[in-house]
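# Coordinate analysis (summary)
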Amino acid sequence: MGSDPRILVVAPDDDLVGPLCQGLDALGWRTVTARSLAGAIQTLIDWPLEAVLLDARLPDAADGVDALRQTVSPRRLPILAIGVEAAGWAPGLADIVMSNPPHAAQAALRLENLIRSAIAEEEVSLREATFAARGQPLPLAETDASPLRVLAAGKPDRHFLALSNALTERGCEVVAAPTPYTAFDYLHEKPFDAAVLWGAEDHTPALSIASGMKRNTRLYHIPAVLYLRGAGEINLAELYNRGFADVAAADTPEDETAERITALARAHRRHVAIRKALESARGSGLTDPATGLFTPQLFASHLGRVAEGARLRRRPLSVAVLRVSETEAVIEARKGGWLDRALPQIGAMVSRLIRTEDTAARLSADVFALALPATHGPPARIAADRIAAVIGCTAFDAGTDRSPFVVEFEVGVAEIAPGESPAAVLERASNDVRSPG
């Protein structure tokens, strides 16, 4: 039996988006189709769908966008509109507009980004309520109003230069980096809202930059866009694990590609503002003073609110527990207090590696917990294991004349069941903790 559908397709026929739907289904993004707006609304009532793929040729498509979103409130509903008709819609009516159907893997990447952004916005309101209830309102998450900063990495090419010009026309500050070395120099020197990597004849430099960004906790969340010379040069499905937020072929109009990049950059800047608002709560007495993560009490309070939000929005929710593994290196590091010195840095790394919508807490000296909204159990384990793996690549000081040590984690994950209490799911995650290997 197949999994429940994730994407609602609203189209009068299969002429425009039929092949795209087949490709999404093949990638595991199961779709369900409605041939009218009335049918779409009923489908949204019946299924907790995550996003809408809207054929702009549908009569009254633009007028129906608000009705679709209102149907699922308070859950936010991202909408990807396809068709030349959408070019004349009011800015922001649809989250993304594409004149032609994209490759299925490319659509999946953009849908994933749109869905995560929607979940992050939902989470912000929940966190604001949690802090306000405990007498410490979060400051408004004001977004930086300066021009968006985009890194353009790759050798000069007329398509790449045309895209850079289109970004500049949209008010972006574009910084050119001809090699991966200069790209990383710029990335470490100043903050960027997005990075565009030119595929050119050889994709290796672009793939190297993207992989390096995903291994760096400070650059991890910057959206990277791969700009290809053509549509058929690479197996786009392989890019899921490369860390790209979007992929565009050079035969896509530069203006459309620039719009997609600026949308990603704005979403990233919004996420940065949200993180800054949350970080400002450090030192308030509500967060752990050493790491800035949620305390057990604050986490318990917020987890209850997140669980209720998940029920109202018909979204899944998982909890992960990461416990420092008692390896020989860690046992030795404890003796001299070096582990205690490293734990604040580890906590800071956890806070940078989680997604914007995730909540991290320090339950005890060396036990951390994550609340992962809109996430089923298996993907939650992948996310927790990835965080543990990245931290496991970091060497911590063990004192003079002693080799640095690394920290491994034992990870446990549980997905909340219908009617289950937040305390119970956290206990199940703690009992699920597994040793490495």
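Heads up: the structure comes first, above all this text.
The notes below deal with the structure included here. (Residues numbered from 1 in each chain as written. Predicted model: local features only at pLDDT ≥ 70, side-chain atom pairs only at ≥ 80, totals over all residues. Heavy atoms only, no water.)

### A few points about the pairing of strand β11 (residues 317-324)
On any regular strand, side chains alternate: one points to one face of the sheet, the next to the other face. For clarity, the threshold we go by: For the exposure calls, accessible area comes from a 1.4 Å probe over protein chains only, and a residue counts as buried if that area is under 20% of its type's maximum, exposed if over 50%, partly exposed in between. Counting from the N terminus, the helices are the DSSP runs of H or I reaching at least four residues and the strands are the DSSP runs of E reaching at least two. Paired strands, in this sense, are two strands between which DSSP finds at least two bridges.
By the criterion of burial, β11 is predominantly enclosed, with seven of the eight residues buried. As judged from the seven bridges shared by β11 and strand β13 (residues 367-373), these two strands associate in the antiparallel manner. Along β13, the bridge assignment pairs Leu-322 with Phe-368. Across seven bridges, β11 lies against strand β14 (residues 409-415) in antiparallel orientation. Residue pairing across strands places Ala-320 opposite Val-413, the latter belonging to β14.

### A short note on the sheet that holds strand β7 (residues 173-177)
In plain terms, the rule: Only the stretch in contact is used when fitting a helix axis, every axis being a line fitted to C-alpha atoms; angles between N-to-C directions are given from 0 to 180 degrees. Note on contacts: a residue pair qualifies if any of its non-hydrogen atoms lie within 4.5 Å across the two residues.
Strand order in this open sheet of five strands is β7-β6-β8-β9-β10, and the pairing throughout is parallel. With partners counted over all chains shown, the strands left at the sheet margins are β7 and β10 (244-249), one partner each. Within this sheet the neighbouring strands show an average axis-to-axis angle of 20°, counted without direction. The pairing of strand β9 (residues 224-228) with β10 spans five bridges and is classified as parallel. Bridged to Val-225 within β10 is Asp-246. Sitting on the sheet, helix α5 (residues 158-169) touches β6 (149-153), β7, β8 (194-198) and β9, and the angle it makes with β8 is about 160°.

### Observations regarding the sheet that holds β14
Here we have four strands laid out as an open sheet, ordered β12-β13-β11-β14, and antiparallel in their pairing. One side of each edge strand has no neighbouring strand; the edge strands of this open sheet are β12 (359-364) and β14. Mean inter-strand twist for the sheet, computed between neighbouring axes without regard to direction, equals 20°. Looking at chain direction, β12 and β13 are connected through five bridges and run antiparallel.

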